[in-house]
Amino acid sequence: MSPSPLTLSSRDRKRFAGIEETLIEWYNMNRRKFSWRKKIRDPYEVLVCEVMGQQTQASRIEEFLPRFLHQFPTIESLAAAKQSDVIRAWQGLGYNRRALNLQRAAIALSNKPFPKTEADLLKLPGIGDYTARAILIFAYNKPVATVDVNIERVLSRLFRIMPDSQTMLPKHEILALGEAILPRKRSRLWHEALMDFGATICKKRAPKCGECPLYAKCKSGPVLIDQPATLKNLKVIKERQYFGQPKRIWRGRILKLISMNHGLTEASVLRHLKHSKGDADFKQFVQEVLRALITDGFCIRKSDRKYYLA
DNA sequence: TTCCAGCGTG
DNA sequence: CACGCCGGAA
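Because the structure is predicted, anything quoted here is derived from the model rather than measured.

1. Details of the pairing of strand β5 (residues 306–309)
Here 2 bridges tie strand β3 (residues 264–265) to β5, and the two strands are oriented antiparallel to one another. Considered in β5, the bridge of Leu 264 is made with Tyr 307. The sheet contact formed by strand β4 (residues 299–301) and β5 spans 3 bridges and is antiparallel. Following the sheet pairing, Cys 299 is matched in β5 by Leu 309. Here β4 folds back onto β5, and the loop between the two strands holds 4 residues, one of which, Arg 305, carries a positive phi near 65 degrees.

2. Considering the protein's contact with DNA strand C
Around DNA strand C sit Arg 60, Gly 92, Gly 94, Tyr 95, Asn 96, Arg 97, Lys 247, Arg 248, Arg 251, Gly 252 and Phe 298, and that is every residue in its neighbourhood. With respect to DNA strand C, the backbone of Tyr 95 contributes an N or O atom lying 2.9 Å from a sugar or linking oxygen. Side-chain polar atom of Arg 251 to a phosphate oxygen of DNA strand C: 2.3 Å apart, as the coordinates give it. Of the residues belonging to the surface near DNA strand C, the class tally is 2 nonpolar, 4 polar and 5 charged.

3. Topic: the sheet that holds β4
Adjacent strands of a sheet form backbone hydrogen bonds with each other and so pair up, either parallel or antiparallel. The 3 strands are arranged β3-β5-β4 in an open sheet whose pairing can be described as antiparallel. Lying at the two open borders of the sheet, with one neighbouring strand each, are β3 and β4. Those strands touched by helix α15 (residues 280–295) are β4 and β5, and its axis lies near 110 degrees from that of β4.

4. Here we look at the packing of aromatic side chains
Overall, the coordinates contain 10 aromatic pairs when judged by the stated rule. For the pair Phe 34 and Trp 36, a centre-to-centre distance of 4.4 Å together with 5 degrees between the ring planes defines the contact as stacked. Grouping residues by exposure puts Phe 34 and Trp 36 together as buried. Judged by centre distance (5.8 Å) and plane angle (85 degrees), the ring pair of Phe 68 and Trp 90 falls under edge-to-face. Of this pair, Phe 68 sits in helix α3 (residues 58–71) while Trp 90 sits in helix α5 (residues 83–90), placing them 22 residues apart in sequence. By the burial criterion, Phe 68 is buried, and Trp 90 matches it. Taken together, the aromatic side chains of Tyr 242, Phe 243, Trp 250, Phe 282 and Phe 285 make up a single cluster linked through ring pairs. A cation sits over an aromatic face here: Arg 67 above Phe 64, 5.1 Å from the ring centre.

5. Comments concerning unusual backbone geometry
The backbone phi angle of Tyr 95 is positive, close to 45 degrees, even though this residue is not glycine. Position of Tyr 95 relative to the elements: it lies in the loop between α5 and α6 (97–109). Overall, the relative accessible area of 51% leaves Tyr 95 in the exposed class. The residue Asn 141 is not glycine, and still its phi comes out positive at about 55 degrees. Structurally, Asn 141 can be placed in the loop between α8 (129–140) and α9 (149–159).

Calculation rules
Residues numbered from 1 in each chain as written. Chains lettered and ligands numbered in written order. Predicted model: local features only at pLDDT ≥ 70, side-chain atom pairs only at ≥ 80, totals over all residues. Heavy atoms only, no water. Pairing = 2+ DSSP bridges. Helix = DSSP H or I, 4+ residues; strand = E, 2+ residues; numbered from the N terminus. Near = heavy atom within 4 Å. Polar contact = N/O pair within 3.5 Å; in protein donor to acceptor, adjacent residues only side chain to side chain. Nonpolar A, V, L, I, M, F, W, Y, C, P; charged D, E, K, R; others polar. Contact = heavy atoms within 4.5 Å. Axes fitted to C-alpha atoms, helices over the stretch in contact; angles between N-to-C directions. Phe/Tyr/Trp six-rings, centres within 6.5 Å; stacked < 30°, edge-to-face > 60°. Buried < 20%, exposed > 50% of the residue type's maximum accessible area, 1.4 Å probe, protein only. Lys NZ or Arg CZ within 6 Å of the ring centre and 35° of its normal.

See the structure below:
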């Protein structure tokens, strides 16, 4: 899945020469200090770190990664672990499916050389375009480009005039742009710089154009600098509520209940949830959630009619 | 209450 | 391509 090669316009190329140097300089002074950013990186640790990073703010990884790696120090140990222990180790991080997929990936990788190509990484469950490339970049400093939402924002705004803080270039254009400007000898450093810059200066909401070292070179800066933090006319999609909470919250609570008890009947689950008894609709809803947790591979119901972590 | 942020499925 | 998945922080 290589992006179509793109030749930067000579104008863009000229502008970029200064951008690269300024951004790296900014990064050297202002980078976020994370424990996993060490000189030598174990591919397995990069894999875990990147999966934890999916849909999750980097600061929250700090809390979970060391503990997880202590508990599952190698691919083989994760592959051999009880799934219930992996789920428990993931509790609080969110998107629990990632834990299941990560262990499945570990099983697939167990006792084999760690993959070094995008195609091989993409075969793993839970590894998509972004993560496959990110692993190659952070584990091996491989000269490929990857685009997360931070990089998407930074490149869109820098190279094209974005009408507001929400609008971005199409994904394939950004990837092509990313490939075109990639400093191929320092892919890892460059991507970390782009991400940190996007997370702290070129933020989604209320970007700090006033203190941006690239302001003079940024196409969108003049548009974004005075934009109010909250945009009107942008319709907010409200999350559907079930009995006062989004379903994901109920799923999380129920999964946590099951993970903290050895065998729970449906009645016990209902009791723990402290919802008004005799609410038939709520009972049916909980049943649906329990069924889904089983379908999704988190739980099982044994012949004693009690629910357990799978 | 809103914000943040990739993958897999239908 | 649209949607569901999680939970802490702002």
